[in-house]
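Tertiary structure, described
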Amino acid sequence: MIVVATAGHVDHGKSTLVRALTGMEPDRWAEERRRGLTIDLGFAWTALASGREVAFVDVPGHERFLTNMLAGLGPSPVVLFVVAADEGWMPQTQDHRDALAAWGVEHGVVVLSRCDRATPEQLDAVERQVREGLDGTGLADAPLVWVAAADPADAARAREVVGETLDAVLATVPAGPEGGRLRLWVDRSFTVKGVGTVVTGTLQEGALAVGDRLEVHRTTSGGTRPVAVRGLQTRGLEVEQVGPVSRVAVNLRGVAAGDVRRGDALVRSDEWTIGHEIDARRVSGEPWDRIPGRLHAHLGTASAPVRVRDFDDTHARLTFDGDLPLTPGDRIVLRLPGDRIVGGAQVLDVDPPALRRRGDGARRAKQLAQVPRDGVPDVAAEVARRGAVTRAALRRLGVLTDRSPRVPHGVVVLGEWWCDPAALDRWAVALAALVERTHAADPLAVGVPLPAATSELGLPDRALLAEVARRASVESADGQLHATGHHGALGGAEDAVNALVADLETSPFAAPGLTDLAERGLGAKELAAAARAGRLLRLPDDVVLLPSAPALAMRLLARLPQPFTTSQARVALETSRRVVVPLLEHLDARGWTRRLDGTRREVVR
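A short note on the overall build of the protein chain
For the protein chain, the count of helices and strands is 18 helices and 32 strands. Taken over the C-alpha trace, the protein chain has a radius of gyration of 38 Å; the compact-globule value for 605 residues is 25 Å, which it surpasses by more than 25%. Overall, the protein chain is about 125 × 55 × 35 Å in size when its C-alpha atoms are taken along their principal axes. Long-range pairs, those at least 24 residues apart, make up 67% of the contacts in the protein chain between residues at least 6 apart in sequence. Of the roughly 27100 Å² of accessible surface on the protein chain, a fraction of 49% belongs to carbon and sulfur atoms. Looking at charge distribution, the protein chain has the averaged site of its 74 positive side-chain charges lying 5 Å from that of its 79 negative ones.

Comments concerning the sheet that holds strand β26 (residues 474-477)
Backbone hydrogen bonds hold the strands of a sheet together, and the pairing may be parallel or antiparallel. Strand order in the open sheet made by the three strands is β25-β27-β26, with antiparallel pairing throughout. Bordering the open sheet on either side are β25 (448-449) and β26, each of which pairs with just one other strand. Where β25 lies against strand β27 (residues 480-483), two bridges are found, and the strand directions are antiparallel. Following the sheet pairing, V448 is matched in β27 by L481.

Brief notes about the pattern of salt bridges
In the structure shown here, the tally under the stated rule is 30 salt bridges. In this structure, R594 and E602 form a salt bridge, with 2.5 Å as the shortest nitrogen-oxygen distance. According to the relative accessible area criterion, R594 is partly exposed, its value standing at 41%.

Re the pairing of strand β21 (residues 341-349)
Burial within β21 is extensive, with nine of its nine residues counted as buried. Relative to β21, strand β16 (residues 274-285) runs antiparallel, the two being bridged by six bridges. Residue pairing for β21: A280 is matched across the bridge by V347. Two strands pair when backbone bridges link them, and strand β20 (residues 331-335) and β21 are joined in this way by five bridges, in the antiparallel orientation. Paired with I332 across the strands is A345, a residue of β21.

Here's the deal with the environment of T454
Take T454: it is sitting in helix α11 (residues 450-457). A residue is classified by how much of its surface remains accessible, and T454, at 11% relative accessible area, is buried. Between the C-alpha atoms of T454 and L465, which are 11 residues apart in sequence, the distance is 6.9 Å. Setting aside its immediate chain neighbours within four residues, T454 contacts L459, D461, R462 and L465.

Examining unusual backbone geometry
Omega for the peptide link from P244 to V245 comes to -15 degrees, which places this bond in the cis form. Take V245: it is sitting in the loop between β13 (241-242) and β14 (246-253). Looking along the chain, the bond that leaves Q562 and enters P563 is cis, with omega of -5 degrees. Positive phi, close to 55 degrees, is recorded for S473, a residue that is not glycine. Positive phi is not limited to glycine here, since D541 has a value of about 65 degrees. Note that D541 resides in the loop between β28 (537-539) and β29 (543-545). D541 gets classed as exposed once you look at its relative accessible area, which sits at 57%.

Side note on the confidence of the model for the protein chain
Of the residues in the protein chain, 92% have a pLDDT of 70 or more, and the chain-wide mean is 86. The spread of mean pLDDT over the elements of the protein chain runs between helix α2 (residues 30-35), the lowest at 51, and strand β24 (residues 417-419), the highest at 95.

Thoughts on the nonpolar core
Of all hydrophobic cores here, the largest spans 37 residues; its most connected members are I278, L318, F320, I332 and L334. Setting aside residues up to four positions removed in sequence, I332 forms contacts with A102, W103, I278, A297, H298, L299, L318, F320, G343, G344, A345 and V347. With 36 residues, the next largest nonpolar core counts A5, V130, A142 and V333 among its residues.

Description of the sheet that holds strand β30 (residues 564-565)
If you walk across this open sheet you meet the three strands as β30-β32-β31, and the pairing is antiparallel. The two strands at the open ends of the sheet, each matched to only one other strand, are β30 and β31 (593-595). Bridging between β30 and strand β32 (residues 600-603) involves two bridges; their strand directions are antiparallel. Across the sheet, residue T565 finds its bridge partner in β32, namely R600. Contacts from helix α18 (residues 577-590) reach β30, β31 and β32, with the element oriented near 105 degrees to β31.

A closer look at helix α16 (residues 549-557)
All buried positions along α16 are accounted for by A549, P550, A553, M554 and L557. Take α16 and look down its axis: the buried residues cluster within an arc of 135 degrees, on one side only.

So, the environment of D86
In this fold, D86 is placed in the loop between β4 (78-84) and α4 (91-103). Look at D86 and you get partly exposed, because its relative accessible area is 25%. Once residues lying within four places of it in the same chain are set aside, the contact partners of D86 are R114, R117, A118 and Q122. Within polar-contact distance, the side chain of D86 engages the side chain of R114 at 3.1 Å.

Here's the deal with the environment of W103
Positionally, W103 belongs in helix α4. Looking at W103, the relative accessible area reads 9%, which means it is buried. Each C-alpha atom, one on W103 and one on L517, is 79 Å from the other, the two residues being 414 residues apart in sequence.

So, the packing of aromatic side chains
For any two aromatic rings, the description comes down to two numbers: the centre-to-centre distance and the angle of the planes. The full count for this structure, using the stated rule, is one aromatic pair. Measuring from ring centre to ring centre gives 5.9 Å for F81 and W89, while their planes differ by 40 degrees; the resulting arrangement is tilted. Sitting above the plane of the W272 ring, R181 keeps its charged end 3.9 Å from the centroid.

Observations regarding the side chain of H217
Mapped onto the fold, H217 is located in strand β10 (residues 213-217). Polar side-chain contacts of H217 include one of 2.9 Å to the backbone oxygen of D323. Excluding its chain neighbours within four sequence positions, the residues that come into contact with H217 are G223, T224, D264, A265, V267, I274, D323, L324 and P325.

Points about α18
Across its 14 residues, α18 extends 20 Å between first and last C-alpha, which sits within 8% of the 20 Å expected from 1.5 Å per residue. For α18, every residue scored as buried is listed here: V579, V580, P582, L583, L584 and L587. Once α18 ends, the next one or two residues include G591, with phi positive near 80 degrees.

Some words on the pairing of β32
Covered by surrounding structure in β32 are R601 and V603 only, the residues R600 and E602 on the alternate face being uncovered. Between the end of β31 and the start of β32, which pair antiparallel, lie four residues.

Thresholds, definitions, all that
- Residues numbered from 1 in each chain as written.
- Predicted model: local features only at pLDDT ≥ 70, side-chain atom pairs only at ≥ 80, totals over all residues.
- Heavy atoms only, no water.
- Helix = DSSP H or I, 4+ residues; strand = E, 2+ residues; numbered from the N terminus.
- Rg over C-alpha atoms; globule rule 2.2 N^0.38 Å.
- Contact = heavy atoms within 4.5 Å.
- Areas by Shrake-Rupley, 256 points an atom, 1.4 Å probe, with all protein chains shown as cover.
- Lys, Arg positive; Asp, Glu negative; His and termini not counted.
- Charge placed at Lys NZ, Arg CZ, Asp CG, Glu CD.
- Pairing = 2+ DSSP bridges.
- Salt bridge = Lys/Arg side-chain N within 4 Å of Asp/Glu carboxyl O.
- Buried < 20%, exposed > 50% of the residue type's maximum accessible area, 1.4 Å probe, protein only.
- pLDDT = per-residue confidence, 0-100.
- Core = buried A, V, L, I, M, F, W, Y, C linked by side-chain atoms within 4.5 Å.
- Axes fitted to C-alpha atoms, helices over the stretch in contact; angles between N-to-C directions.
- Arc of directions from axis to C-beta.
- Polar contact = N/O pair within 3.5 Å; in protein donor to acceptor, adjacent residues only side chain to side chain.
- Phe/Tyr/Trp six-rings, centres within 6.5 Å; stacked < 30°, edge-to-face > 60°.
- Lys NZ or Arg CZ within 6 Å of the ring centre and 35° of its normal.
- Expected span 1.5 Å × (residues − 1).

And the structure:
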């Protein structure tokens, strides 16, 4: 299915044309039929002569219902642009033309209606008017057909001529990407007795299936609401699943009809970056600096107040009053708080950087100028700007799509993280400097704890630290980062440790007490550094020995009659109970000795 919207001034025959093409009444309200004036969106569908299925969204043309018109045109990729030949180009014709230019609609048919009421001269003049009016838009070269007023014979001819021309245009429209992220802008919400809440919209991308668990993102009232899909319809038929581009009715479980409104969106929240600030490119209308800083924005079926901060003539930051699920490439119509459309914008970044320093706006404009015409930033450039970003985040940002799934040349992949090599090198330089400062401030310190290094460098995740440390030639041990070779550095404690080692080599088990150690200038920090350097062995109860002491003790204990007591071990090792108890427990822990009861042990052979 392809979805086609109508466009054109009030009473130029849009609804009449839809009736002729489909045999269905698009006006849903009795008041609309009574007055012959479309007020809200209407819907109809048919199969063309080729068998191609088409759904129509009929929009109001009156200036009082501009917001409704924009909600209908926004999600539709194809348009029937209707101009009455006996009246020509009118104010709402211009409004609709401006909206189509802003949204970048590139497929459609121009229909000159009521041609039987115009003179040949009028027909020529109106055709020139229309071509001039559409110049510079995606419809500049759209096929143009003439139809007459609405009587049965004319309706049959309109169905034939317009249907054939539309069929040829639709053959050139690319299919919507089924693998894309789901986002269904809601244009209606109502309750069906015995069924519950039903919402409708134009599915442009992604796929829906019965049983799907989604969220209603409430752009109108804020927040989200989890829902489940109970049922689906398209063209009035029950279906199990539906893909783009389609008109679809979704029966939802978990939300009342009054809690979902036009402008809300059905999404899978883990697929979208939802925020209130974007960077955008002007695609139509007046330069940013010539329009007010406070406007109204229309996107999809939603509308929201927006503040504009221009960077230059073409680029600006837009700040909405609420959060929206947007993606690079999205088009936005901008209008004054009254009714006049002043231009259109294309979303370039849905998670833009903060602007803190003087000149940030001008620098940002230069960055945005490099974004391709389709509005989707280059993946490698986006990774470089952020330094490191996960693959999932790139998809949520709309930068990584199913059409660009490969890792760009030069990007470094570390698990789920895609990293810019230049950023890794910058972090490495900063880490080396951080470790050097830490050692200079405290030579006996182990180094920089891993959490502290991650925070100090501003790394997005500790998982990147190993690669940064490798590039910085920094070593890791015991949850600390230190310079190569520093693990054994003792600084000013070197002489005191050497003297203690010499004493222990003479009397291996004569461990000095805390007072003796303090008099030597060896406190807890110095002893810890010596232990890390492999110069000393620290046991519980502040017992300090040489690392070779356990092996020497085993040789002496093996000579004792087995099993032996703690007292026998103390005598054999020529030491005190203060030393022998933690030493024996150390040997037990290593599996070299085995404790038999409260007083006896044996050497494990």
